[in-house]
Amino acid sequence: MARPVVGIIGNRYLLNDQYPAHAGGAMNSEAVSEVSDCMPLLIPADPRFVSVADLLERCDGFLFTGGRPNVHPEEYGEPPTEAHGEFDRARDAVALPLIRACVQSGQPFLGICRGFQEVNVAMGGTLYPEIRELPGRMNHRMPPDGTLEEKFEHRHTVSFTEGGPFHRLMGASEVMTNTLHGQGIKSSGQRVIVDGVAPDGTPEAIFIADAPGFTLSVQWHPEYRASQDPVSRPLFAAFGDAVRSWAQSRTPLPAQVA
Ligand SMILES: N[C@@H](CCC(=O)NCCCC(=O)O)C(=O)O
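First things first, this report covers the structure right here in the doc. No experiment lies behind these values; they were computed from the predicted model shown. (Residues numbered from 1 in each chain as written. Predicted model: local features only at pLDDT ≥ 70, side-chain atom pairs only at ≥ 80, totals over all residues.)

**Description of the nonpolar core**
What counts here: Linking buried Ala, Val, Leu, Ile, Met, Phe, Trp, Tyr and Cys residues through C-beta atoms within 7 Å yields a set, and such a set is a nonpolar core. Think of it as a crowd count around each C-beta: if 20 or more other C-beta atoms lie within 10 Å the residue is buried, if 12 or fewer it is exposed, and in between it is partly exposed, with C-beta placed from the backbone throughout. Placing a C-beta atom from the backbone of each residue, one calls two residues in contact when those atoms lie within 7 Å.
Membership of the largest hydrophobic core comes to 60 residues, with the highest contact counts inside it found for Ile9, Phe62, Leu63 and Ile99. Those residues within four positions of Ile99 in sequence are excluded, and the remaining contacts are Phe109, Glu118, Val119 and Ala122.

**Considering the pairing of strand β5 (residues 61-64)**
For a regular strand, side-chain orientation follows a simple rule: the groups alternate between the two sheet faces. Defined as follows: Strands are runs of DSSP state E lasting at least two residues, helices are runs of H or I lasting at least four, and both sets are numbered from the N terminus onward. Here, any two strands with at least 2 DSSP bridges between them count as paired.
Every second residue of β5 is oriented toward a common face, with Gly61 and Leu63 on one face and Phe62 and Phe64 on the other, all of them buried. As judged from the four bridges shared by strand β1 (residues 5-9) and β5, these two strands associate in the parallel manner. Following the sheet pairing, Gly7 is matched in β5 by Phe62. When β5 meets strand β6 (residues 109-112), the two strands line up parallel, connected through three bridges. Bridge pairing in β6 links Phe62 to Phe109.

**Describing the site of the ligand**
Stated precisely, the cut-off is as follows: Think of it this way: take the backbone, place a C-beta atom on it, and check whether that atom is within 6 Å of the molecule or strand, in which case the residue is near it. For this classification, the nonpolar set comprises Ala, Val, Leu, Ile, Met, Phe, Trp, Tyr, Cys and Pro, the charged set comprises Asp, Glu, Lys and Arg, and every other residue, Gly included, is treated as polar.
Taken together, the residues surrounding the ligand are Gly66, Gly67, Arg68, Asn70, Cys113, Arg114, Leu180, His181, Gly182 and Gln183. A breakdown of the residues in the shell around the ligand according to their chemical character gives two nonpolar, six polar and two charged.

**Describing the sheet that holds strand β9 (residues 174-177)**
Our working rule: Every axis in this analysis is a line fitted to C-alpha atoms, fitted for helices over the stretch in contact. Angles between the N-to-C directions lie between 0 and 180 degrees.
Read across the sheet, nine strands follow the order β4-β1-β5-β6-β13-β12-β11-β8-β9 without closing on themselves; strand pairing throughout is mixed. A single partner strand is all that each edge strand has here, and the edge strands are β4 (39-43) and β9. Packing against the sheet, helix α1 (residues 26-34) makes contact with β1, β4 and β5, and its axis sits at approximately 150 degrees to β4.

**Regarding unusual backbone geometry**
Backbone geometry at Asp37 places phi at a positive 60 degrees, although glycine is not the residue there. Topologically, Asp37 is positioned in the loop between α1 and β4. With phi around 50 degrees, Arg225 is a residue other than glycine that occupies positive phi space. Positionally, Arg225 belongs in the loop between β13 (217-218) and α7 (232-249).

**Thoughts on the packing of helix α3 (residues 89-105) against helix α4 (residues 114-122)**
We count it as follows: Note that the term roughly parallel is reserved for angles under 35 degrees, roughly antiparallel for angles over 145, roughly perpendicular for angles of 65 to 115, and oblique for everything else. By convention the crossing between two helices is left-handed if the near helix lies anticlockwise of the far one by an angle smaller than a right angle, and right-handed if it lies clockwise.
Two elements in contact, α3 and α4, have axes whose closest approach is 9 Å; the angle formed by their N-to-C orientations is 70 degrees. One way to sum up the angle between α3 and α4 is to call them roughly perpendicular. Handedness of the crossing formed by α3 with α4: right-handed. Along the contact surface, α3 presents Ala95, Leu96, Ile99 and Arg100, while α4 presents Glu118, Val119, Val121 and Ala122. Looking at the contact of α3 with α4 residue by residue, the classes come out as six nonpolar, no polar and two charged.

**Here's the deal with the pairing of strand β2 (residues 11-15)**
Where β2 meets strand β3 (residues 19-23), five bridges bridge the pair, whose relative direction is antiparallel. By the bridge assignment, Arg12 is partnered in β3 with His22. Linkage of β2 to β3, two consecutive antiparallel strands, is achieved through a turn of three residues, within which Asn16 is found at a positive phi near 50 degrees.

**A word on α3**
Worth spelling out the cut-off: Helix span, as expected, comes to 1.5 Å for every residue beyond the first.
With 17 residues, α3 extends 25 Å between its outermost C-alpha atoms, agreeing within 8% with the 24 Å of an ideal straight helix rising 1.5 Å per residue. All of the buried residues in α3 are Arg91, Asp92, Val94, Ala95, Leu96, Leu98, Ile99, Cys102 and Val103. Backbone geometry just downstream of α3 places Gly106 in the positive-phi region, at approximately 100 degrees.

So yeah, pure geometry; function would need other evidence.
Laid out in structure tokens, this is it:
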């Protein structure tokens, strides 16, 4: 029997600074295939090519991946500044309404890094352009140099709410994670529950209150070595269970971890 399909919402890049391409890190596909046991399908996240209705019909769940381009601040009512960096307006135009549609229907999604930030913005929240400039905050950006192992190494703890969905899923109230982002949640969107924080108070794990389906999203990168990492594995496995349930009956898994 064919495996359920997870639409991978990636980014638009210029290969060799010239050739436009849609891309998503291979480690996202690996995590979805090997840990969630679903078929990864890279989506060209551009409203000229795909509609939200098409995506909801063709895919059983969605992975909103990390990506360097930031959600455009106009999406949360703020003007762009230099600190906001580069954007991917086509991805914004697909991802934000798609997240809202999934929250409503119960179709499962997992948000990672930029995807986590998109979930917050889709629900009406706002972002800081550069959290390392805030008093008392650490630098969450990836080291500019070094190997992939060095860039993705564990760099801080995340503490989960006692008895919350992440605590229950991980079987631990505190875990170690990597960190590769410049932006962070400023104000939480409607129904966005912050369920995990870094030592400096930066929100790291969220879910949507009273959503019928799987909405867990994280600011770190669980896709890195997902099959070996004790934090990534349960997250991608639970996401896969939710996607399989949706594929079978088009209804959310009743015992959603949230
Ligand atoms: N742009 C946002 C999100 C950061 C993020 O997703 N980082 C992963 C980068 C992977 C890549 O370069 O493709 C922020 O900086 O907060």
